[in-house]
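Letter by letter, the chains look like this.
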Amino acid sequence: MTDRRTTIKLIVAAAAAFPSLRARATYMLEPGASPPGDVRQFEPTMDGYGPDPDLIKAYEKGAFWPLTMNAQQRQFAAALSDLIIPEDEHSPSASKVGVVDFIDEWISAPYPLQREDRTTVLHGFAWLDGEAQHRFEQPFARLHEAQQRAICDRICNASRASADLQGPAQFFATYRNLTAAGFYTTLAGRKDLQYIGNVPLTHFDGPPVELLKRLGLS
Amino acid sequence: MPFVTASTQRGPYDVIIVGSGAGSGQAAYTLCMEGVRVLMLEAGRQYTPARESAMFQTPDMAPLGEAGTPDKNKGFYDATVNGGWDVPGEPYVSIPDKWGAHFTWWRARMLGGRTNHWGRISLRNGPYDFKPRSRDGLGFDWPITYDDVAPYYDKVELLIGVYGGDISRENTPAGPGDTLLPPPKPLVSDHLLMKRAPRLGIPVLPGRRAVLTRAQDHRTIPGRLHPGNPRAQKILADAMRKRSPCLWATPCGQGCAVAANYQSTTVHLPPALATGNLDVITDAMVYEVTLGKDGRANGVRFVDATTGRHEHVTARVVVLGASAFETARILLNSKSGQFPNGLANSSGLVGRYVLDTVGSSVSGQIPLLESLPPLNEDAADGLQVYVPWWLYPEQLAHKLPFPRGYHIEYGGGKGMPSVGTFSGLEWLTGGSYGRKFKEDARRYYGSFVYFDGRGAMVPNDNCYIEIDPKVKDKFGIPVLRFHWQWGDYEQRQAVHMQETFGQVIEAMGGRVQSPVITDPVKAIAPGGYMIHEVGGTIMGAEARSSVTNRWSQTWDVPNLFVADGGVFPYNADKNPTLTIMALSWRMSDHILGRMRRREI
């Protein structure tokens, strides 16, 4: 399998036929289920949603494959998601808008990228809990925010993390991406960003002239 | 009952058309409007955009937040069904070599094919693009000129509805001034590009896409397109009235239930069906064109995917529009005593000179666009503006290390947040989380810009397809084996794209997201990624050096035609779909003339 960075680059290049697809490039999979090889043969994932699902209906999380996190993992996921996206004056916390279900569905999915993320996420949970026990003699989910931050500050930026913490730092990046993906695709997330599209209009006027003036673009 | 089966078909038919996408849809439209009885065969299933297009659905209603998967490569809501980089049970063979020799093939097994999800970018080829060899000595000239095709560009633009500006530049022609709809208003990020790119000598023009920015003029256009044919005029006027102008929301790639953009299923096929002259068989996987004793095509064989039965249907004329490479596959699999190497292949060139488009992308982040007030920037879903190739004089003077140009597809704005919008922000945020992360998300949302280069490819001998000697698909049909190698010209062009995009982002006061790639091998996207498959049944002036003639008619079989991108002997930087339609209309007019003269 192509490594993820390469994949992202290629997909960004490929997504251009659809300007609207670019932004989701990070989670696009490399083309095909099989790596570059001789015969390319797609094997339908019997437990995925298949190449022709009903696109009109709204799906509950777990509609196509069972969610797999246990209660303890869900508690952990909620604590970490809320550390990354807490409640503030603009919007609720990640766990309040279903991000735990989103992540559970993600890491329970039958597809290659999600399976890879499953390993990353579950290993990351274990590492964080080990670190919490080691430093504060409590599971991570029960630590105070300051204690959680004391651990996460060391892994929140892979380019600054020490060599021995690269694995956990990669996990944290993945988990933050997933939390943001789950949160900002909800109504609450869109409202937080003041996204006001996705409504039918009779005409499109472009940006206000005053704004263009302020930006020096009129 | 226009949708029929092998047992309920209502032959005899005048013309069989294989495929239902841009080229086939156009051929069916043109022929049926003139009273020709057509049988269309589509390998995939029936598809009804009005009922099946996800439009205002949000990512949280889809599994995995709508992310792409091996089942739905470009996202859950993408209009492509039963298709993508891999089609279950329909493998193809690609020779693995070093990076860059691999080819990936996007197919869509559905009525309307890839037109249901395409980007709708509709650029005309210019005069140089039809005579590239005459200009720089490389590749092949088309046997036709821009002036031969221009009237058909006019017609297609009027029929399908294309927005854009009536501004011509060198080798970037516009029509007579009344064929295009008004372009959408530029976004804030577009205004920034329009202000800064010209400082580098880079022009910015209104984009051109097949989207109705206002209702089509159903009073005058039908008369212009079908003079002297009142019935066709009425059918077209009715069809145009049923299309809604753009709703300024929802991605075109998910299909358009109100027919505000072009897809074959909403624009070409409804009027063709309304004539009563078109019958369609879906789930019909064509694998062979059959030949009569007189050396003429007399029909096609297909596997009915629903029953597994092999069927044979007949007509006076056969038109292949199955997609460039699928058309070549059908010809290569149609072997007979007269054509032991495949039908219409006396030149040995069926499957040779296959082409894609050069692609390379750079994204950037622009501080001026941070923390803007709320704006609805869904607009027409992209390409309000674009950059045509601007260095023709430099190229002619050999001042560039590559002979052919590219255009730039540009985008930005506050689109609907998706699963990837806030991924990998560490390079900007230093790894923030907590309240700071939410503040950062608000700050950076809408401040990203995307540059996608789309460049010309010079045909080369290393890019060809053939029938694999061993592998067959689930129908038992031998599959294609791909050979692919970008040339040095394409790779150097991709590096030029990277460096240029980096300079433009800097001129916009921004930062490049990932470093500009200067390694020519890595700067270019792999073959097939742009989904601009053309060539393989190239048209030319002589039978020994081409498969089809100036009318898209095969040299060897006078009643066999190619309606898809297979006839392209060269792939300019302009996206091929508009040209495919224009050539198909021109071909269809030629078929009509020959049928009226009883030549075929």
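Each chain has its residues counted from 1, running along the sequence as written. A letter from A marks each chain and a number from 1 marks each ligand, given out in the order of writing. In keeping with the predicted nature of the model, local features appear solely for residues at pLDDT of at least 70, side-chain atom pairs appear and are counted solely at 80 or more, and the whole-chain, interface and lining totals rest on all residues.

**Describing the overall build of chain A**
Part 1: Secondary structure elements are defined from DSSP: runs of H or I of at least 4 residues count as helices, runs of E of at least 2 residues count as strands, and each element is numbered from the N terminus. Secondary structure summary: chain A contains eight helices and one strand in total.
Part 2: Ordered by position in the sequence, the α and β elements of chain A form the string α-β-α-α-α-α-α-α-α.
Part 3: Put simply, chain A has 218 residues, and 44% of those count as buried.
Part 4: Restricting to contacts in chain A with at least 6 residues of sequence separation, those with at least 24 account for 52%. Neighbour density around each residue's C-beta defines its exposure: 20 or more other C-beta atoms within 10 Å make it buried, 12 or fewer make it exposed, and counts between make it partly exposed, where C-beta atoms are placed from the backbone. Placing a C-beta atom from the backbone of each residue, one calls two residues in contact when those atoms lie within 7 Å.

**Regarding the interface of chain A and chain B**
Where interface size is quoted, it is often the accessible area lost as the parts come together.
Part 1: Contacts between the two partners involve 86 residues from chain A and, on the opposite side, 98 residues from chain B.
Part 2: Mapped onto the side of chain A that touches chain B, the elements with two or more residues apiece are α1 (4-14), β1 (39-40), α2 (71-84), α3 (99-107), α6 (166-184), α7 (187-192) and α8 (209-214) of chain A.
Part 3: By residue number, the principal contributor to the side of chain A that touches chain B is α6 of chain A, which donates seven residues.
Part 4: Residue classes in the side of chain A that touches chain B are distributed as 55 nonpolar, 20 polar and 11 charged. Residue classes follow a fixed rule: Ala, Val, Leu, Ile, Met, Phe, Trp, Tyr, Cys and Pro count as nonpolar, while Asp, Glu, Lys and Arg count as charged, and any other residue, Gly among them, counts as polar.

**Comments concerning the environment of Q338 of chain B**
All names here are of chain B.
Part 1: Counting through the fold element by element, Q338 comes out in the loop between α11 (324-333) and β11 (352-355).
Part 2: The spacing of Q338 and Y128 is 210 residues in sequence and 38 Å in space, taken between C-alpha atoms.
Part 3: Leave out the neighbours within four places in its chain, and Q338 touches L291 and G295.

**Re unusual backbone geometry**
Trans is the common state for peptide bonds, and a negative phi is the common state for residues other than glycine.
Part 1: Residues G11 of chain B and P12 of chain B are joined by a peptide bond in cis, for which omega reads 5°.
Part 2: Locating P12 of chain B in the fold gives a position in the segment before β1 (13-18).
Part 3: With a phi close to 60°, Q194 of chain A is a non-glycine residue in the positive phi region.
Part 4: Looking at where Q194 of chain A falls in the secondary structure, it is placed in the loop between α7 and α8.
Part 5: What makes Q194 of chain A partly exposed here is the crowd of 15 C-beta atoms within 10 Å.
Part 6: One non-glycine residue, L64 of chain B, lies in the positive phi region at around 60°.
Part 7: Here L64 of chain B is to be found in the loop between α2 (49-52) and β3 (83-84).

**Some details on helix α5 (residues 145-152) of chain A**
Residues three or four positions apart in an α-helix share a direction because the helix packs 3.6 residues into each turn.
All names here are of chain A.
Part 1: Of the positions making up α5, those classed as buried are Q148, I151 and C152. Looking down the long axis of α5, one finds its buried residues gathered within 90° of arc, a one-sided arrangement.
Part 2: Against the buried residues of α5 lie α2, α4 (112-136) and α6. Directions are taken from the helix axis to each C-beta atom, and the arc is the one they span.

**Thoughts on the pairing of strand β9 (residues 297-304) of chain B**
Residue and element names in this part refer to chain B.
Part 1: Paired strands, in this sense, are two strands between which DSSP finds at least two bridges. Strand direction decides the pairing type here: strand β8 (residues 284-291) and β9, joined by seven bridges, are antiparallel. Counterpart to E288 in the pairing with β9 is R301.
Part 2: As paired elements, β9 and strand β10 (residues 310-320) share five bridges and run antiparallel to each other. Pairing of G299 across the sheet is with T314, part of β10.

**Thoughts on the confidence of the model for chain B**
Part 1: Per-residue confidence from the predictor is reported as pLDDT, a score between 0 and 100. Averaged over all residues, the pLDDT of chain B equals 96, while 99% of them reach at least 70.
Part 2: Across the interface, the model reports ipTM at 0.95; the global pTM reads 0.94.

**Points about the nonpolar core**
Part 1: Working definition: the nonpolar core is a set of buried Ala, Val, Leu, Ile, Met, Phe, Trp, Tyr and Cys residues, joined through C-beta atoms within 7 Å. Formed by 176 residues in total, the largest nonpolar core has its most connected members in I16, A28, V38, V286 and V319 of chain B.
Part 2: At eight residues, the largest contribution of residues to this core is made by helix α17 (residues 577-596) of chain B.
Part 3: Contacts of V319 of chain B, omitting those with residues within four sequence positions, involve V15, I16, I17, V18, A27, F561 and A563 of chain B.
Part 4: If you look at the next biggest cluster of nonpolar residues, it comprises 53 residues, including V99, F140 and F183 of chain A together with Y445 of chain B.

**As for the sheet that holds strand β14 (residues 406-412) of chain B**
All names here are of chain B.
Part 1: The strand order β6-β13-β14-β15-β12-β18 describes an open sheet built from six strands, whose pairing is antiparallel. The open sheet is flanked by β6 (205-206) and β18 (511-512), the only strands paired with a single partner.
Part 2: Relative to β14, strand β13 (residues 385-387) is paired through two bridges, and the arrangement is antiparallel. Bridge pairing in β14 links Y386 to E409.
Part 3: Lines fitted to the C-alpha atoms define the axes, with helices restricted to the stretch that makes contact. Angles between their N-to-C directions range from 0 to 180 degrees. In the packing of helix α6 (residues 188-196) onto the sheet, the strands contacted are β13, β14 and β15 (448-455), and the crossing angle to β13 comes to about 35°.

**Observations regarding the packing of helix α1 (residues 22-33) of chain B against α17 of chain B**
Between two packed helices, both the angle of their axes relative to each other and the distance between the axes serve to describe the pair.
All names here are of chain B.
Part 1: Where α1 contacts α17, the axes come no closer than 8 Å and their chain directions differ by 35°. Remark: the crossing between α1 and α17 carries right-handed chirality. In this structure, α1 contributes A22, G23, Q26, A27, T30 and L31 to the contact, and α17 contributes T577, I580, M581, S584, W585, M587, S588, D589, I591 and L592.
Part 2: Here the contact of α1 with α17 is built from residues that sort into nine nonpolar, six polar and one charged. Less than a right angle of anticlockwise turn of the near helix away from the far helix marks a crossing as left-handed, whereas a clockwise turn marks it as right-handed.

**Quick word on helix α15 (residues 488-507) of chain B**
Residues and elements named next belong to chain B.
Part 1: For α15, which comprises 20 residues, the first-to-last C-alpha distance of 29 Å matches the rise-based estimate of 28 Å (1.5 Å per residue) to within 8%.
Part 2: Of all 20 residues that make up α15, 14 are buried, and the element is covered over most of its length.
Part 3: A positive phi of about 80° marks G509, the residue just after α15. In this analysis, the expected span of each helix is defined as 1.5 Å times one less than the number of residues it contains.

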